[in-house]
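Spelled out from the first residue to the last, the chains are:
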Amino acid sequence: MKKLFIFAFAVIALSLASCKKDRTCECTITNTDNNGNSDINTSTVEIKKIKKSEAKDLCQKTTYMNTDSNGSSTTTSDCKLK
């Protein structure tokens, strides 16, 4: 009986750990020009009712690097789940 109780508790704990919650994705956006001057901004996005693993994948997919057509500036976005 005691083993059954421990097993049931473990199953319940695991199921609660993977439940859907509101998650926050935080991005640091850096814009660097040819002269090496950088402008850094931070933005956050709240993702509603999602599992942690799904939110992490979605948040990391927003990480990118972009250089404008004349090569005068580069924008980098680095996103992490908070």
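Not measured: the values here are computed from a predicted model.

## Observations concerning the confidence of the model for the protein chain
Summary statistics for the protein chain give a mean pLDDT of 82 and a share of 78% for residues scoring 70 or more. Within the protein chain, the lowest mean pLDDT, 59, falls on helix H1 (residues 2-17), and the highest, 93, falls on strand E2 (residues 38-50).

## Side note on the environment of Ser77
Mapped onto the fold, Ser77 is located in strand E4 (residues 73-81). Overall, Ser77 belongs to the buried group, its relative accessible area being 3%. Along the backbone, Ser77 and Asn41 are 36 residues apart, and their C-alpha atoms lie at a distance of 9.4 Å. If we skip the residues at most four places from it in the chain, Ser77 touches Cys27, Thr28, Ile29, Thr62, Thr63 and Tyr64.

## Looking at the state of the cysteines
In a disulfide, the sulfur atoms of two cysteines are covalently bonded to one another. The final tally for this structure, using the stated rule, is two disulfides. Put simply, Cys25 and Cys59 are joined by a disulfide, and their sulfur atoms are 2.0 Å apart. In this structure, the disulfide formed by Cys25 and Cys59 twists by about 80 degrees around the S-S bond and is classed as right-handed. Within this pair, whereas Cys25 is found in strand E1 (residues 21-33), its partner Cys59 is found in helix H2 (residues 52-60), the two being separated by 34 residues in sequence. Note on accessibility: Cys25 and Cys59 belong to one class, buried. Each sulfur of the disulfide joining Cys27 and Cys79 lies 2.0 Å from the other. Every disulfide takes its handedness from the sign of the S-S torsion; for Cys27 and Cys79 that torsion is 110 degrees, giving right-handed. Note that Cys27 is positioned in strand E1 and Cys79 in strand E4, a separation of 52 residues in sequence. Taking relative accessible area as the criterion, Cys27 reaches 8% and is therefore assigned buried. For the protein chain, the disulfide bridges join cysteines in the arrangement 1-3, 2-4, where the cysteines are counted in sequence order.

The rules behind each value
Residues numbered from 1 in each chain as written. Predicted model: local features only at pLDDT ≥ 70, side-chain atom pairs only at ≥ 80, totals over all residues. Heavy atoms only, no water. pLDDT = per-residue confidence, 0-100. Helix = DSSP H or I, 4+ residues; strand = E, 2+ residues; numbered from the N terminus. Buried < 20%, exposed > 50% of the residue type's maximum accessible area, 1.4 Å probe, protein only. Contact = heavy atoms within 4.5 Å. Disulfide = S-S within 2.5 Å.

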